[in-house]
Structures are given as structure tokens and as C-alpha cells.
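One letter stands for each residue in the lines below.
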Amino acid sequence: MTEKFEVVGNNALAVEPETPEKALGSETTAIVEVAQSTNIKTQEDYEAAASTLKEVKRLQKKVKEYWEPLRVAAKKAHDGVLEKKKQMTEPLDKAEGILKGAMSDYTVDQERKRQAREAAMRKAAEAEAERMMNEAVAAEAAGDMAGAEAAMEEAVVMGDVAASGRVTAAAPKAAGVSQSKTWKIVSIDPEKVPIKVGSTEIRPVDQAAVMRLIKESKGTVQIPGVQYEESVQISVRA
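Now for a description of the structure that goes with this document.

Rules of the game
Residues numbered from 1 in each chain as written. Predicted model: local features only at pLDDT ≥ 70, side-chain atom pairs only at ≥ 80, totals over all residues. Heavy atoms only, no water. Phe/Tyr/Trp six-rings, centres within 6.5 Å; stacked < 30°, edge-to-face > 60°. Buried < 20%, exposed > 50% of the residue type's maximum accessible area, 1.4 Å probe, protein only. Patch = residues over 30% accessible without salt bridge, like charges linked within 9 Å, V, L, I, M, F, W, Y side chains within 5 Å. Areas by Shrake-Rupley, 256 points an atom, 1.4 Å probe, with all protein chains shown as cover. Salt bridge = Lys/Arg side-chain N within 4 Å of Asp/Glu carboxyl O. Helix = DSSP H or I, 4+ residues; strand = E, 2+ residues; numbered from the N terminus. 1 Å grid on protein atoms, 1.4 Å probe; cavity = no way out; pocket = protein on both sides within 12 Å on 5 of 7 lines; lining within 4 Å. Points joined across faces, edges and corners; volume = space filled by probe spheres on them. Nonpolar A, V, L, I, M, F, W, Y, C, P; charged D, E, K, R; others polar. Core = buried A, V, L, I, M, F, W, Y, C linked by side-chain atoms within 4.5 Å. Contact = heavy atoms within 4.5 Å. Expected span 1.5 Å × (residues − 1). Arc of directions from axis to C-beta.

### Observations regarding the packing of aromatic side chains
Here is step 1: Applying the stated criterion across every chain yields a total of one aromatic pair.
Here is step 2: Measuring from centroid to centroid gives 5.0 Å for Tyr 66 and Trp 67, while their planes differ by 90°, and the two rings are edge-to-face.
Here is step 3: You can call Trp 67 partly exposed: its relative accessible area is 38%.

### What to know about a nonpolar patch on the surface
Here is step 1: A cluster of nonpolar side chains, namely Met 133, Val 137, Met 152 and Val 156, defines an oily patch on the protein surface of about 320 Å² accessible area.
Here is step 2: Mapping Met 152 onto the fold places it in helix 3 (residues 145-164).
Here is step 3: Residue classification places Met 152 among the partly exposed positions, given a relative accessible area of 34%.

### Topic: the layout of surface pockets
Here is step 1: Volume-wise, the largest pocket comes out at about 270 Å³.
Here is step 2: Considered class by class, the residues forming the lining of the largest pocket number six nonpolar, four polar and five charged.

### Topic: the nonpolar core
Here is step 1: The biggest cluster of nonpolar side chains holds twelve residues, and these are Trp 183, Val 193, Val 197, Ile 202, Ala 209, Val 210, Leu 213, Ile 214, Val 221, Ile 223, Val 226 and Tyr 228.
Here is step 2: When residues of this core are traced back to their parent elements, those giving at least two are helix 4 (207-216) and strand 6 (226-236).
Here is step 3: Ranked by residue count, the leading element in this core is helix 4, at four residues.
Here is step 4: Not counting residues within four places of it along the chain, the set of residues in contact with Val 197 comprises Ile 202, Leu 213, Val 221 and Ile 223.

### With respect to helix 3
Here is step 1: Between its first and last C-alpha, helix 3 extends 29 Å over 20 residues, near the 28 Å set by a 1.5 Å rise per residue.
Here is step 2: If you check which residues of helix 3 are buried, you get Ala 148, Ala 151, Ala 155, Met 158 and Ala 162. Down the axis, helix 3 shows its buried residues gathered within 95° of arc, on one side only. Within helix 3, the exposed residues directed more than 90 degrees away from the buried face are Ala 146 and Ser 164.

Have a look at this one:
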């Protein structure tokens, strides 16, 4: 290729050679300008427009032929990058699921243990309340009014514990990790599911509507034919 020069003042500057892409761009710009200036008023104008249109179609074909191999190569490279990315991200996604599942199971198990301790405490308080009530009755029968009153007060306290006592326990924590309650449907018996729960129609069984009801009730709603269980969703901030 012969190098071209442009004289500016007393200096000769090398002109960058025109590449096929630039040449194609120049052709495209020129034909677009011709099309934009076209004004058909005579048969000759019509024929000239037709010639210009044919040139446009020729250039369209030329442009596609020029860029198609580049597009194919770029797509192949892009697909290769995505495949390599997938080879790394899939095992990491699997590891994330394993860890989150284990952490969620641990959190749920801790809550179950807390609830079991709470149930045991309430049962013991209920038994103690009944024992103190019997003691108050016996004291009153024996004429020990002060002892009966003290035993009755203790029975009332134990009764309150049995009715509303709670065992508190902090949820598992780690820096950068947050938790939120969620629920998953275990099974659905369509024959037992009602048509509506409140104002929400859920038959034919709409699992999305069922899940919405569960979430809105914070896991307290009871729907005939639907079994669900609480789980914990783990989120991590890297």
C-alpha cells in the first residue's frame, strides 16, 4: 500500500491509510446523503431514486458481509468467556447453597430447642400452680388463712408463667450475615383446601396466593389441606 502524504504549510504529514471499514463507512455516508436529498418530481427523478435504492441494497449486503465474520468471531469469544465464567460460578453457587442451608438448619434447630425449653417450663409452671392451689385449699381447710393466701399468690404467679412465660435465646449471629424468616410448603391436599381464606381466593390451588397468606400471617395461618414449615433465609454481605 502506497503511503499518502498531505502538505500542511512547509510540513508533509503522513495521512492514515483508509481501512476497509472506513471506506465502507464513507460509502454509506455518501449514499445516505444522496437519499436524504432525493426529490422526485419527474420520471427521470424516479429512475434516479431507483438506482440509488439499488445502491443502498448493494451496500446493505456489503456491510452485512463485512461485519458477519466479525460478529461470529465475537460471539464465539463471548460464549467462551461465559462458559469459563460458568465453570467457576456454578461450584461457588453450589457451595453458597450448601452453607446457607446448613446455617438455616442450625438456626431452625436452635429455635425448636428454645420452643421445647419454653414448653417444658410452662408445663412445670402449670404443675407447680396446681400444686400450690391444692396447698392453698389444704391450708384454708386447716384454718391457716395466711398460708392459704401465700400459696394462692404463688399459684397465681405460676399460672401466669404457664400461660405467657417465654424462654428467650439470641439467634445465631455472624458479622455480615443477616436472617429473615421464610416458609416452604411441604404438601397440599387440593380436596381439603377451601375456596377462599378471608378475601383471598386460592382455588384452584394457587400456591403463590397460599404462600402470600402464610407470609402475611407470619406463619400463623391454618389452611385446611396445606402443610408448611418455617425456614430461615440467609443473606451475606461480602
